[in-house]
Each structure stands twice: as structure tokens, then as C-alpha cells.
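Listed below, chain by chain, are the residues.
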Amino acid sequence: MADTQIWQTVPLAPPDAIFKITAGYKADTDPKKVNLGVGAYRDNNGKPWVLPVVKKATERLLNDSTLDHEYLPITGLPEFITAAAKLIIGADAAAIKEGRVASAQTISGTGANHLGALFLSRFYQFNGDKRIYLSDPTWANHHAIFRNVGIEPVNYKYYDPRTVGLDFEGFLDALNSAPERSVFLLHACAHNPTGVDPTTEQWTAIADVMLQRGHYAFFDCAYQGFASGDLDRDAGAVRYFETRQIPMMVCQSFAKNAGLYGERIGALHLVAESADAGARVRSQMSVLQRSEISNPPAHGARLMALIMNESALFEEWKRDIATMALRIIDMREQLFKILSEELKTPGTWDHIVKQIGMFSFTGLNASQSQTMTDKYHIYLTTNGRISMAGLNTNNVRYVAECIDKVVRGEAKL
């Protein structure tokens, strides 16, 4: 007789926190509801925005009679991964010119993180137990990605709730006290979830310690261009580390800066010490990728290859990126002005404009954040993180007024 109880012991997993917020927002019928949870760009009407350059590139692809639906190479579309590496590491970088960068197309930034983690687990010579140091806090998915391949996450100090800024001394202490040749995951720009980035001078000090201790840099770059509006500026930390010859790999996503969330287009780049080492790394990336997805999807890669390799489209893309980044910067300025100048909300709110990128840590505590959702239908994570892209000229004042009420303790459930 067949066993009908095979899976009865499987525990029910809790829903993903971010997607639970989105589900709650969608089910809410209140006309004033605001979604500040999801990390996706919205225009001033609160709608998804398909970049004009993406529309143009899509039309080009639709009318290209030479395209087919054959498999891509295991490591991806060559003209995409070559352009992607130059975009983040720099076209003039020595590692690029010397053929020392091993790259693979991945299932967006999540896939890049996974493939990078899997490669580390198989081939990196850890100094003791397999560990990776993650900023506290970090993108929630980082913990699961590394644990799934047998690498245990260890938190390092990063965010200081007292200043709503960077705990730089705590960060440096972690770098100095970790065993030599430890792996540190670094957010290249627009830190998720805090929006707090090191300054140029602080990146220099971080690089100094990384070199002194022989640490390995695992960069996650999900927001290049989206943070400041400038692709080159947002790649500054990665490019600086390359010039200092700090061993590193870089996870890259085109979800945010090209609005290609659903196309799942990204890349992993490992900077090796020689072209020969790079070739060996690339061969093993191919083996790992083959066993998991066989071949990456074509459409997003073709779109980005066209946009990055054709100068007119590339310039248009940069303008589209600036449109998104500048709107978010404007929302930061408006929220700050209403809170600090008009409502005179208790506390200091300059962190709103000092932080960068899609997210902001408001400083609201868990109770205040929950009140924002339960009483005012404003959806955000319970750690006070909001997506600035969810703000627009139609709702920013309402959000500011509700923040003011919960901070003053006027909003009681």
C-alpha cells in the first residue's frame, strides 16, 4: 500500500515579508493606501515605468528577422556579459584589458549572488569555517543564499540607529578583527535596506584594511546608476577596489536600472589574478551553471546588449536612469522639507536626504511602522524601511503627516 503521509512532516514556511506586504496592499480597499514596501520603481502616478529606451530596443528586437529561440551559451550571451563587465568594472580597467575577468550571465542579481556563493563554497580557501561577513542589516535574501550552499553568515556592524547613519568605526573593527582572508559582502552603492553608503574617504580606509588583512570582497551591485543617476559614479567603489588589486567578485543586476524586473537579467564577474586563472574560473562557472539552469534566458540579455553596445541607445538609457534617480532624490527632499520645516516633526530628519538610492531607513520603530500600516494604510517593513520610489507628489504630504502623528504618539490603534 502506498504511503500517503510522505510529506506530512514538512513544516509550513512563513510568507516572504516583502511579498506579504504587497499582498496586504493589494487587498486593501482604502483609497489613501500607499505601498512603500516593494523595491521597484514607480512613476509620479504610482505606476510601473517601462523605460523609453527599453521600448525602443524591444521594437528593434521584434523586427529583427535573424533572431531565433535557440539556447544561449551556458555562461550567457557574449556581447551582453562583455558589455556588462565593462559597465561595472570599467572599460579601461587593467583587469578587463588583461582578460582577467571571468563572467557569467545570471538570473538577475539573486542568481549572481547564488552562483558566486556556490563558487566560493566549492573553490575558495577559507581560513577556518566557511563564513561570509554580512552588514547588519542587509538584504534579507543574503542569509538564505549563503546558508543554502553551506556558508554561514556572520554579521558585521554597519548601521547605527542612534545616528541613522553608518557605524564606520564598528565596520572597521569588524574588518580588523575578522580572520585573515575572510569574505566580506559589500554593497557597491545604495545600501539595501538602509540607503547609507560609505563616503569616498571611507571606502579608501575600507580598502586599506581589506588589503592589510587579505580579505576577499564580494560586491553586490543592484543599483548602479539608480543611486546617484550616474553609472560611473555608482561604480566608484568597485572600480577603486580593482585599481587597488583587491581580490573580488561582483554581482550585477539590471532589474532596477533598466526596469527589467521580470526579465531576470544579471551577471557575475570574478576578477582573477591572471588571464589563465580567469579561464579556469570561467570553466568552473560554466560547470556550476550547467547543473542548475543549463542556459540563461535570452530576451533580457539581448535587450541590454543592444542598449549597452549602441552609443545612441546607451546615451538614452543614461537619461532614463537620471529621470528615475532624480525623481527619487526629489521625493527625499520633499519628505524632508515637510517633516522638518513645515510639520516640525520631533527628531532629526536630515538622514532622509543624506541616504541614497531606492530605500530609506526612517528611524521609525516596529510599533510605529505597524501603526502606519494598520491605521493609515501605509505599507512598509516593520524596521522602518521605506521605498522612496513609492512616494509621489500625490501622497508625500499624506505620508509625512502620518509619520508626524506616529512620532508624536498621536496615532493610537
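Computed from a predicted structure; not experimentally measured. (Residues numbered from 1 in each chain as written. Predicted model: local features only at pLDDT ≥ 70, side-chain atom pairs only at ≥ 80, totals over all residues. Heavy atoms only, no water.)

Residue Pro-137 follows Asp-136 across a cis peptide bond; omega there is 5 degrees. Inspection of the secondary structure puts Pro-137 in the loop between strand E3 (131-136) and helix H6 (141-147). One non-glycine residue, Ser-108, lies in positive phi territory at about 60 degrees. Residue position: Ser-108 is located in helix H5 (residues 108-123). Residue Ser-108 is classed as buried on the basis of its relative accessible area of 2%. (Helix = DSSP H or I, 4+ residues; strand = E, 2+ residues; numbered from the N terminus. Buried < 20%, exposed > 50% of the residue type's maximum accessible area, 1.4 Å probe, protein only.)

Let us look at the pattern of salt bridges. Oppositely charged side chains can form a pair if their charged atoms are brought close together. Applying the stated criterion across every chain yields a total of 15 salt bridges. A salt bridge links Asp-160 to Arg-162; its shortest N-O distance comes to 3.1 Å. The closest approach of N and O atoms between Arg-244 and Asp-208, which form a salt bridge, is 2.7 Å. With a gap of 36 residues between them, Arg-244 in the loop between helix H10 (236-243) and strand E9 (248-253) and Asp-208 in helix H8 (residues 200-213) connect regions that are remote in the sequence. Taking relative accessible area as the criterion, Asp-208 reaches 28% and is therefore assigned partly exposed. (Salt bridge = Lys/Arg side-chain N within 4 Å of Asp/Glu carboxyl O.)

Phe-80, Phe-219, Phe-241 and Trp-317 are the most contacted members of the largest nonpolar core, which totals 105 residues. Sorting elements by how many residues they give to this core places helix H13 (residues 311-342) first, with 10 residues. In this structure, Phe-219 is in contact with Leu-186, Ala-188, Trp-203, Ala-237, Val-238, Phe-241, Met-248, Met-249, Val-250 and Cys-251, ignoring residues within four places of it in sequence. In terms of nonpolar packing, the next biggest core, distinct from the first, is built from 29 residues, Ala-102, Tyr-124, Val-149 and Val-281 among them. (Core = buried A, V, L, I, M, F, W, Y, C linked by side-chain atoms within 4.5 Å. Contact = heavy atoms within 4.5 Å.)

Residues Ala-237, Val-238, Phe-241 and Glu-242 constitute the buried set of H10. All buried residues of H10 lie within an arc of 140 degrees about the axis, which places them on one face of the element. Residues of H10 that are buried in the fold lie against helix H3 (78-89), helix H4 (94-97), strand E7 (183-187), H8, strand E8 (216-221) and E9. Gln-245 occupies a position one or two residues after H10 and carries a positive phi of about 60 degrees. (Arc of directions from axis to C-beta.)

Position of Ile-206 among the secondary structure elements: in helix H8. Overall, Ile-206 belongs to the buried group, its relative accessible area being 0%. Sequence separation between Ile-206 and Asp-234 is 28 residues; the distance between their C-alpha atoms is 17 Å. With residues up to four places along the chain from it excluded, the contact list for Ile-206 reads Phe-168, Phe-171, Leu-172, Leu-175, Pro-198 and Phe-241.

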